[in-house]
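A structural walkthrough
Listed below are the residues making up each chain.
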Amino acid sequence: MAKRNQNLKLTVTQQILAAANINLARNIAWKYQRSTNIEYHILESAAFEGLCQAAAKYDPELINDKTGKPMQFSSLAVPYIRGSILQIGRAH
């Protein structure tokens, strides 16, 4: 199994952000489950870890130079979730 980061600590704000986007992680896990032989609960767990990593890295005050608006959380979360799932896929 891939080495996992067990020391990830989220602030209350980051926990709320992750909780608000839990269905995004579930949706991505479900898509990968349909195209692999990996059990859904394993993929879901990896997706949740990626979601928490993204919540820890997200800075809502960071402004996109091109648009002048803050980056959407999902724009950061999706690559983190997919990356975490793909690490699980390599281990199976």
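As shown above, the structure is provided for reference.
The present account deals with the structure reproduced in this document.

What counts, and at which threshold
- Residues numbered from 1 in each chain as written.
- Predicted model: local features only at pLDDT ≥ 70, side-chain atom pairs only at ≥ 80, totals over all residues.
- Heavy atoms only, no water.
- Phe/Tyr/Trp six-rings, centres within 6.5 Å; stacked < 30°, edge-to-face > 60°.
- Helix = DSSP H or I, 4+ residues; strand = E, 2+ residues; numbered from the N terminus.
- Buried < 20%, exposed > 50% of the residue type's maximum accessible area, 1.4 Å probe, protein only.
- Axes fitted to C-alpha atoms, helices over the stretch in contact; angles between N-to-C directions.
- Parallel < 35°, antiparallel > 145°, perpendicular 65-115°, else oblique.
- Left-handed = near helix turned anticlockwise from the far one by under 90°.
- Contact = heavy atoms within 4.5 Å.
- Nonpolar A, V, L, I, M, F, W, Y, C, P; charged D, E, K, R; others polar.
- Expected span 1.5 Å × (residues − 1).
- Arc of directions from axis to C-beta.

**Brief notes about the packing of aromatic side chains**
Per the stated rule, a full pass over the model turns up two aromatic pairs. Relative to Tyr-40, the ring of Trp-30 has its centre 5.9 Å away and its plane inclined at 70°; by these criteria the two rings are edge-to-face. Taken as a pair, Trp-30 in helix H2 (residues 22-35) and Tyr-40 in helix H3 (residues 40-57) lie far apart in primary sequence, ten residues in all. Overall, the relative accessible area of 24% leaves Tyr-40 in the partly exposed class.

**A short note on the packing of H3 against helix H4 (residues 73-91)**
With their axes 7 Å apart at the nearest point, H3 and H4 run at an angle of 140° to one another. When the interaxial angle is binned, H3 and H4 end up oblique. Pair H3 / H4 crosses with right-handed handedness. Contacts between H3 and H4 involve Ile-42, Leu-43, Ala-46, Ala-47, Glu-49, Gly-50, Leu-51, Gln-53, Ala-54, Ala-55 and Lys-57 on the former and, on the latter, Phe-73, Leu-76, Ala-77, Tyr-80, Ile-81, Ser-84, Ile-85 and Ile-88. Split into classes, the residues belonging to the contact of H3 with H4 amount to 14 nonpolar, three polar and two charged.

**What about H2?**
Between its first and last C-alpha, H2 extends 21 Å over 14 residues, near the 20 Å set by a 1.5 Å rise per residue. Within the sequence span of H2, burial applies to Ala-25, Ile-28 and Ala-29. Down the axis of H2, the buried side of the element spans an arc of 100°, and every buried residue falls inside it. In H2, the exposed positions angled more than 90 degrees off the buried face are occupied by Asn-23 and Arg-34. Against H3 and H4 lie the buried residues of H2.

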